[in-house]
Amino acid sequence: MNLRLDIAYDGEPFHGFARQPDVRTVQGDLEDALSKLFARPMTSVGAGRTDAGVHALGQVVSVKDAPGDVDPIKVRDSLNGMLGGRTIAVSACSPVPDDFHARFSARSRTYVYAILTSDAPDPFLARTSLYHPEPLDLGAMNEAAGHLAGPHDFSSFGRVPEGQSAERVLYELSCRRSGRLVRIKARGNAFIQQMVRSLTGTLIQVGEGRRSPDEMTAILASKDRAAAGPVAPPHGLCLVSVEYDEGWSRPLDPESV
């Protein structure tokens, strides 16, 4: 049986999603729990390889070759009992067609970067948002974001694996305020490593008045990582959702984004 797991996690204690030797990762903890549950080695595929310290509210994982007679609800509950629920939680487990693949079947991924703009920090938001005591010009940031949306070569905004293309389609890039939080939302078909955090670091500079929105076109054209702004810290970033074709997607809670 092919299973789909929808999971959330606090990225702070992990060295990213993908399993690595000798360090703790989300995939490592999850596969260890799956292997114990099914009494045999199990492997998984994640929709997005989040970096160390990055969180997820709507990561999707596919697990092939699960026993055919398992009860998905019991699998969910058992995994949550084994994982403890404090750093990783499985919100749903469901059987999916054999050709469902968490990564390759995905049509888009949505990330949100949270920035706390207030006179004083908030200990309850410190793990999941970047503290920025100075105000940000959201009008300028959204103007800059408009230059960055669409199909582009994003070499200036991330690490490109050797021999691979940096062409991506950024369907949406927007900035909005909700109380003390500024949320930068990025939805694209896929992202190169550190792309959303690099976009965020650049937009923050625009919001601070240190860059002009019109510079974004030249930054893209340069295909030079040094031309863009800094990589924002990982703890403000969250993988909110992964979108699939009709029938494979769970409804997205609009309040989460």
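That block above? That's the structure.
1. Some remarks on the pairing of strand β9 (residues 181-188)
For β9, the tally of buried residues reaches six of eight residues, placing the bulk of the element in the interior. Where strand β8 (residues 167-178) and β9 come together, eight bridges link them in antiparallel fashion. By the bridge assignment, Cys175 is partnered in β9 with Ile184. Counting the residues in the hairpin turn of β8 and β9 gives two residues, including Gly179, whose phi is positive at 65°.

2. What to know about the packing of aromatic side chains
For any two aromatic rings, the description comes down to two numbers: the centre-to-centre distance and the angle of the planes. Within this structure, the stated rule accounts for four aromatic pairs. Arranged with centres 5.0 Å apart and planes meeting at 50°, the rings of Phe100 and Tyr244 form a pair that is tilted. Remark: Tyr244 occurs in the segment after β10 (237-243) and Phe100 occurs in the loop between β4 (88-96) and β5 (108-116); sequence separation between them is 144 residues.

3. Quick word on helix α5 (residues 215-222)
For α5, every residue scored as buried is listed here: Met216, Ile219 and Leu220. Down the axis of α5, the sector holding all buried residues measures 100°, keeping them to one side. Across α5 from its buried face, at more than 90 degrees, point the exposed residues Ala218 and Ala221. Lys223 lies just past α5 and shows a positive phi near 50°.

4. Quick notes on unusual backbone geometry
You will see that Gln194, though not glycine, has its phi angle at about 70°, which is positive. Structurally, Gln194 is set in the loop between β9 and α4 (195-207). Note on Gln194: relative accessible area 17%, which makes it buried. The residue Lys223 is not glycine, and still its phi comes out positive at about 50°. Turning to its location among the elements, Lys223 is positioned in the loop between α5 and β10.

About the criteria used
Residues numbered from 1 in each chain as written. Predicted model: local features only at pLDDT ≥ 70, side-chain atom pairs only at ≥ 80, totals over all residues. Heavy atoms only, no water. Buried < 20%, exposed > 50% of the residue type's maximum accessible area, 1.4 Å probe, protein only. Helix = DSSP H or I, 4+ residues; strand = E, 2+ residues; numbered from the N terminus. Pairing = 2+ DSSP bridges. Phe/Tyr/Trp six-rings, centres within 6.5 Å; stacked < 30°, edge-to-face > 60°. Arc of directions from axis to C-beta.

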